[in-house]
Amino acid sequence: MTASGSGRFGGVLEQIGSEVAALTDRGRPADYIPLLAGADPGRFGMAVAEPDGTVYGVNDWQEPFSTQSITKVFALALVLASEGEEIWRRVGREPSGNPFNSLVQLEYENGVPRNPFINAGALVVTDRLQTLTGNAAGRVRDLLREESGNPAVDFVAEVADSEAAHGDRNAALAHFMASYGNIANPVPELLAAYFRQCSIAASCQDLASAAGFLARRGVRADGSMLLTPSQAKRVNAVMLTCGTYDAAGEFAYRVGLPGKSGVGGGIVAVVPGVCTLCVWSPGLDRRGNSVAGVWALDRFTTLTGLSVF
């Protein structure tokens, strides 16, 4: 079910959509991935999905965009669903305090990344998913398709190729961790899977719907279990503390929800038991988070009073 301007959240979204148009500073699109650099920072979309599948949206809420690091949440969920807590032997659960592609902490901490949402940690998670499935990127795409109900969610080959051509830092992270025995697959194979995963295009509607299992205590759209309630709680906890890189404290302070951002300008957020949200606007702040997206989520929690605090 979809509803663009009615019901519980329709009016709030319409108000936010009107207010966001007045923002004068929208940030700048990611310029280190050439195919993202030309995105229009004036674009904005927002969607809210209720646990029963009803989705509300405003502005560009049905426009596909590059999901990038948002896919890390779904890769982590698949690994947890497959083998429980084993992944935490190879990646931590602490905020990094450093940029998402930093090499600094890996040397201090013997090749074990701080959390699964910085690039190093996501590479470890994708490596494990590749070992478990033989097709990490394909499984992430399939999960997004299944939970969103949209079979058109897919990779964008040009984005994956662009990231591969400018992926020296990720290659350095992967090789460095491999030197400590924390990468099992050949690094070129891992990088190809990781870049494909990050290249998936989906809309706010798709992502708000697909993340619904995090609001339903691990229950998928078809009623089956993807995660246990405890696992869903823990994914939300790591999203809250680590999901917006070295701005996680500011995001928690302003928004008060678990969230995961991507440099394509999207942010997914969760109100456990109530709804999931996705916002998109390509202009980023210096830490890689959507300026208008954070602002809109701040307004949402202020107007509705919905927060985990």
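Quick summary incoming for the structure in this document. Since the structure is predicted, the reported quantities are computational estimates derived from the model, not experimental observations.

Thresholds applied
Residues numbered from 1 in each chain as written. Predicted model: local features only at pLDDT ≥ 70, side-chain atom pairs only at ≥ 80, totals over all residues. Heavy atoms only, no water. Helix = DSSP H or I, 4+ residues; strand = E, 2+ residues; numbered from the N terminus. Buried < 20%, exposed > 50% of the residue type's maximum accessible area, 1.4 Å probe, protein only. Contact = heavy atoms within 4.5 Å. Areas by Shrake-Rupley, 256 points an atom, 1.4 Å probe, with all protein chains shown as cover. Lys, Arg positive; Asp, Glu negative; His and termini not counted. Charge placed at Lys NZ, Arg CZ, Asp CG, Glu CD. Phe/Tyr/Trp six-rings, centres within 6.5 Å; stacked < 30°, edge-to-face > 60°. Lys NZ or Arg CZ within 6 Å of the ring centre and 35° of its normal. Salt bridge = Lys/Arg side-chain N within 4 Å of Asp/Glu carboxyl O. Core = buried A, V, L, I, M, F, W, Y, C linked by side-chain atoms within 4.5 Å. Pairing = 2+ DSSP bridges. Polar contact = N/O pair within 3.5 Å; in protein donor to acceptor, adjacent residues only side chain to side chain.

Details of the overall build of the chain
No. 1: Regarding its fold elements, the chain presents 14 helices and eight strands.
No. 2: Considered along the principal axes of its C-alpha atoms, the chain spans approximately 55 × 40 × 35 Å.
No. 3: For the chain, the proportion of its 309 residues judged to be buried stands at 58%.
No. 4: For the chain, restricting intrachain contacts to residue pairs at least 6 apart in sequence, the fraction spanning at least 24 positions comes to 69%.
No. 5: For the chain, the exposed area adds up to about 11,800 Å²; of that, 50% sits on carbon and sulfur atoms.
No. 6: Side-chain charges of the chain comprise 25 positive and 31 negative groups, with the mean position of each set lying 5 Å from the other.

Structural notes on the packing of aromatic side chains
No. 1: Inspection of every chain in the model, using the stated rule, returns six aromatic pairs.
No. 2: Note on Phe9 and Tyr56: the rings are 5.8 Å apart at their centroids and 80 degrees apart in plane angle, and the pair reads as edge-to-face. Of the two residues, Phe9 sits in helix α1 (residues 7-20) while Tyr56 sits in strand β3 (residues 55-59), which places them 47 residues apart along the sequence.
No. 3: On the accessibility criterion, Phe9 (1% relative accessible area) is buried.
No. 4: In textbook terms, an aromatic cluster arises when at least three aromatic residues are bridged by ring pairs, as seen for Phe9, Tyr56 and Phe300.
No. 5: Above the face of the Trp88 ring, Arg93 is positioned so that its terminal group lies 5.2 Å from the ring centre.

Digging into the pattern of salt bridges
No. 1: Counted according to the given criterion, the structure contains 17 salt bridges.
No. 2: Arg299 serves as the salt-bridge partner of Glu19, at 2.8 Å between the closest nitrogen and oxygen. In this pair, Glu19 is assigned in helix α1 and Arg299 in helix α14 (residues 291-304), connecting sequence segments 280 residues apart.
No. 3: With relative accessibility at 25%, the residue Glu19 sits in the partly exposed group.
No. 4: Several salt bridges share partner residues, and in doing so they unite Arg139, Arg141, Asp142, Arg145 and Asp154 into one network.

Brief notes about the nonpolar core
No. 1: Of all hydrophobic cores here, the largest spans 64 residues; its most connected members are Phe74, Ile87, Leu207 and Leu227.
No. 2: Tallying contributions element by element places helix α3 (residues 71-83) first for this core, with eight residues.
No. 3: In this view, Phe74 contacts Val140, Leu143, Leu144, Leu207, Ala210, Ala211 and Phe213; residues no more than four positions away in its chain are not counted.
No. 4: Core analysis: the next-biggest nonpolar cluster, separate from the first, contains 26 residues, Leu257, Val274, Leu277 and Leu306 among them.

Some thoughts on the pairing of β3
No. 1: A large share of β3 lies buried, amounting to four of its five residues.
No. 2: With five bridges connecting them, strand β2 (residues 45-49) and β3 associate as antiparallel partners. Opposite Ala49, over in β3, you have Val55 as the bridge partner.
No. 3: Between β2 and β3, which follow one another and run antiparallel, lie five residues, and Gly53 among them has a positive phi close to 100 degrees.

Brief notes about the environment of Val124
No. 1: Counting through the fold element by element, Val124 comes out in helix α5 (residues 119-133).
No. 2: For Val124, the contacting residues outside a window of four places in its chain are Ile87, Arg90, Pro113, Met177, Asn182 and Ile183.

What about the side chain of Ser199?
No. 1: As for its position among the elements, Ser199 is in the loop between α9 (187-198) and β5 (201-202).
No. 2: At 2.8 Å, the side chain of Ser199 and the backbone oxygen of Arg196 are in polar contact.
No. 3: Among residues more than four places away in sequence, those in contact with Ser199 are Asp154, Phe155, Val156, Val159, Ala160 and Glu163.

So, the pairing of β2
No. 1: Where burial is concerned, most of β2 is hidden: five out of the five residues are buried.
No. 2: Where burial is concerned, the two faces of β2 agree: the one with Gly45, Ala47 and Ala49 and the one with Met46 and Val48 are both buried.
No. 3: One ladder, built from five bridges, connects β2 with strand β8 (residues 275-280); its direction is antiparallel. If you follow Gly45 over to β8, its bridge partner there is Trp280.

With respect to the environment of Gly243
No. 1: Relative to the assigned elements, Gly243 resides in the loop between α12 (229-242) and α13 (248-254).
No. 2: Exposure remark for Gly243: the relative accessible area of 0% places this residue in the buried category.
No. 3: Residues Gly243 and Gly259 lie 16 residues apart in sequence; the distance between their C-alpha atoms is 5.6 Å.
No. 4: Ignoring any residue separated from it by four or fewer positions in sequence, one finds Gly243 in contact with Phe117, Val238, Gly259, Lys260 and Ser261.

Points about the side chain of Lys72
No. 1: Relative to the assigned elements, Lys72 resides in helix α3.
No. 2: Buried charge Lys72 goes without a salt bridge, the closest partner of opposite sign being Glu163 at 8.9 Å.
No. 3: Among the polar contacts made by the side chain of Lys72, one reaches the main-chain carbonyl oxygen of Phe117 at a distance of 3.0 Å.
No. 4: Residues within four places of Lys72 in sequence aside, it is in contact with Pro116, Phe117, Ile118, Asn119, Ala122, Tyr194, Gln197, Tyr245 and Lys260.

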